[in-house]
Amino acid sequence: MKITWLSSRYLGGDLSSTTQIHLANGLVAKGHTVDFYSPGKSVGNQFTHHPIERSQTRGFQASSVMKNLKKRVSEFKKADVVLIDWPIFKLAPLIDAPVILMDRSPPADRGIFAKLQWPMWTKAWSKAVRGTVVSDAHRSFVADETQTPKASIGVIPAGVDLELFQPGAKDGPIRMVYHGRVDVNRGVMSLPMILAGLQSNGIDASLHIHGSGDAVKRLQNIGMPGLEITDAIPQDEISQLLSKYDVGFLPMPENKVWNLASPLKRSEYLASGIVICGIAHAGHQIKESKDWMQLFPQKEFISLSVSWLTSLDRQLLTALQKESRDYAEDYLSWSHSVDALESMILS
């Protein structure tokens with residue numbers, strides 16, 4: 001099939017675009033042609049990327065992409081199906097081919113941007129015949145908020161590149177990690193307190209935080225032993241670092257956005273043979289998880305994380321880490337996500 005994907009997201013710019021890249025490449029590997037229209041750039045991919053100019057001003061980025069895509073509607077006429085990200089779903093009536101709404105996340109901004117985006121999100125789903133989401137909780141939310149039948153909504157969770165993300169040698173002190181957006185609203189300020197709790201219990205541990213965001217300077221100002229803060233790191237480099245870490249954190253609090261998520265970092269942790277500590281809510285839960293994943297109530301996240309990690313010796317930790325990698329191999333490869341998206345397209 002000839003598939004066209006229209007997106008306002010900057011390709012190659014963040015973890016979410018990594019999802020788009022893997023899904024598009026996966027569709028090509030299954031014999032489809034994929035023309036991807038978006039801002040950003042594509043390097044070494046199998047799909048054809050058509051760069052679209054985007055405004056640098058927040059609040060006008062999606063509308064600028066939509067304006068530039070309208071000029072190229074004639075290019076989409078030969079497509080068998082068109083995938084459209086929800087922020088630019090207003091393009092759908094201009095397209096003759098069947099369209100599928102792609103919703104990797106509801107509006108995540110706060111303040112005035114959220115007030116502008118939620119009506120756009122609701123209207124997009126109200127006009128969609130079919131769409132995709134990232135989790136069962138996300139599907140239920142869409143169905144409840146927009147009266148879209150669940151049967152019309154496909155679940156396409158984030159996968160992981162099992163060849164890129166692999167376990168490495170893990171020994172010595174406990175090495176803990178968080179990577180991704182380092183924003184205050186993602187709960188990252190709780191993580192140094194877990195490190196401090198372990199150290200006060202006599203546990204030799206370090207905490208490594210990789211990413212950019214509004215919490216970086218606050219974390220850097222803590223200046224405690226064993227705490228390392230870096231900028232965002234390219235995927236091939238972060239995979240090498242993750243291979244040596246022991247524990248990964250999912251500190252994002254319970255709220256409307258995080259409850260619906262399918263965090264890419266969760267899959268990358270597990271593929272790297274890392275055990276997980278996180279806050280207990282639907283967005284962090286994963287089917288058939290075992291002791292390698294511990295989710296705690298938000299109010300007790302710090303104390304219970306410290307307690308659980310203190311209870312682990314290296315032998316038990318190694319056994320749990322092997323189980324986490326085994327789970328990733330069984331359930332989290334990108335092939336599962338690509339199969340789900342292809343099934344939605346062919347239907």
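Refer to the preceding data block for the structure.
This one's a predicted model, so the numbers in the text were calculated from it and none came from an experiment. (Residues numbered from 1 in each chain as written. Predicted model: local features only at pLDDT ≥ 70, side-chain atom pairs only at ≥ 80, totals over all residues. Heavy atoms only, no water.)

1. Section: the overall build of the chain
For the record, the criterion: Helix numbers and strand numbers start at the N terminus; a helix is a DSSP run of H or I with at least 4 residues, a strand a run of E with at least 2. In this treatment the radius of gyration is a C-alpha quantity, and the globule benchmark scales as 2.2 Å times the residue count to the 0.38 power. Accessible area is worked out with a 1.4 Å probe on protein chains only. A residue is then buried under 20% of its type maximum, exposed over 50%, and partly exposed in between. Residue contacts follow a heavy-atom distance rule, with two residues in contact if any of their heavy atoms lie within 4.5 Å. Each accessible area is a Shrake-Rupley estimate made with a 1.4 Å probe; only the visible protein chains count as cover when residues are assessed. In summary, the charge assignment counts Lys and Arg as positive and Asp and Glu as negative, without counting His or the chain termini. Taken as the charge location is NZ of Lys, CZ of Arg, CG of Asp or CD of Glu.
The helix and strand tally for the chain stands at 11 helices and 13 strands. Computed over its C-alpha atoms, the radius of gyration of the chain comes to 21 Å, within 12% of the 20 Å expected for a compact globule of 347 residues. Taken along the three principal axes of its C-alpha coordinates, the chain extends 65 × 40 × 35 Å. Within the chain, the fraction of its 347 residues that count as buried is 52%. The long-range fraction of contacts in the chain, counting pairs at least 24 apart against all pairs at least 6 apart in sequence, stands at 66%. Total accessible area on the chain stands at roughly 15700 Å², and carbon and sulfur atoms take up 51% of it. Counting 37 positive and 35 negative side-chain charges, the chain places the averaged centre of each group 9 Å from the other.

2. A short note on the layout of surface pockets
Put simply, the test is: Using a grid of 1 Å spacing that covers the protein atoms alone, one calls a set of points a cavity when a 1.4 Å probe fits there but cannot get out, and a pocket when the set is open and has protein on both sides within 12 Å along at least five of seven lines; lining residues are those with an atom within 4 Å of a point. Grid points are joined across faces, edges and corners, and a volume is the space filled by probe spheres set on the points. Ten residue types, Ala, Val, Leu, Ile, Met, Phe, Trp, Tyr, Cys and Pro, are classed as nonpolar, four, Asp, Glu, Lys and Arg, as charged, and the remainder, Gly among them, as polar.
In this structure, the second largest pocket spans a volume of roughly 610 Å³. What lines the second largest pocket is a set of 24 residues, among which D136, P157, R266, I286 and K287 lie closest to the centre. Among the secondary structure elements, those contributing two or more residues to the lining of the second largest pocket are helix 4 (136-146), helix 8 (264-271), helix 10 (314-331) and helix 11 (334-346). Its residues assigned to classes, the lining of the second largest pocket shows 11 nonpolar, 9 polar and 4 charged.

3. Section: the pattern of salt bridges
Here is the rule: Between Lys or Arg on one side and Asp or Glu on the other, a salt bridge is scored when a side-chain nitrogen of the former is within 4 Å of a carboxyl oxygen of the latter.
On inspection of all chains with the given rule, the structure shows 11 salt bridges. Residues joined in a network through salt bridges with shared partners are K30, D339 and E342.

4. A look at the sheet that holds strand 13 (residues 293-296)
Quick reminder of the rule: Only when DSSP finds a minimum of two bridges between them are two strands counted as paired. Here an angle of 0 to 180 degrees is reported between the N-to-C directions of two axes, which are lines fitted to C-alpha atoms, with helices fitted over the stretch in contact.
Across the sheet, 6 strands lie side by side as 10-9-8-11-12-13; this open sheet has parallel pairing. The outermost strands of the open sheet, each flanked by one partner alone, are strand 10 (227-230) and strand 13. If you compare each strand with its neighbour and ignore which way they point, the axes differ by 20 degrees on average. The pairing of strand 8 (residues 174-179) with strand 9 (residues 205-210) spans 6 bridges and is classified as parallel. By the bridge assignment for strand 9, Y178 is matched with I209. Relative to strand 12 (residues 275-279), helix 9 (residues 301-310) is tilted by about 160 degrees, and along the sheet it contacts strand 8, strand 11 (247-250), strand 12 and strand 13.

5. Describing the pairing of strand 10
Using the following cut-off: With the strands pointing away from the viewer, any crossover whose connection runs clockwise from the first strand over the helix to the second is right-handed.
By the bridge criterion, 4 bridges tie strand 9 to strand 10 in an arrangement that is parallel. Paired with L207 across the bridge in strand 10 is L227. Between the parallel elements strand 9 and strand 10, the chain passes through helix 6 (residues 216-222) in a crossover that is right-handed.

6. Section: helix 9
Those residues of helix 9 not exposed but buried are F301, S305, V306, W308 and L309. Residues of helix 9 that are buried sit in contact with strand 8, helix 5 (191-200), strand 11, strand 12, strand 13 and helix 10.

7. Examining the side chain of R186
You can see R186 is positioned in the loop between strand 8 and helix 5. Since its relative accessible area comes to 18%, R186 is described here as buried. Ignoring any residue separated from it by four or fewer positions in sequence, one finds R186 in contact with Y178, R181, P251, M252, P253 and W258.

8. A closer look at the packing of aromatic side chains
Our working definition: Within 6.5 Å between ring centres, the rings of Phe, Tyr and Trp (the latter by its six-membered ring) count as paired, and their orientation is classed by plane angle as stacked under 30 degrees, edge-to-face over 60, tilted in between.
One pass over the structure, following the stated rule, counts 9 aromatic pairs. Seen in terms of ring centroids, Y37 and F76 are 5.0 Å apart; in terms of plane orientation they differ by 80 degrees. Their pairing is edge-to-face. With Y37 in strand 2 (residues 33-38) and F76 in the loop between helix 2 (61-70) and strand 4 (81-85), the pair connects residues that are 39 residues apart, well separated along the chain. Across this residue pair, the class does not change: Y37 and F76 are buried.

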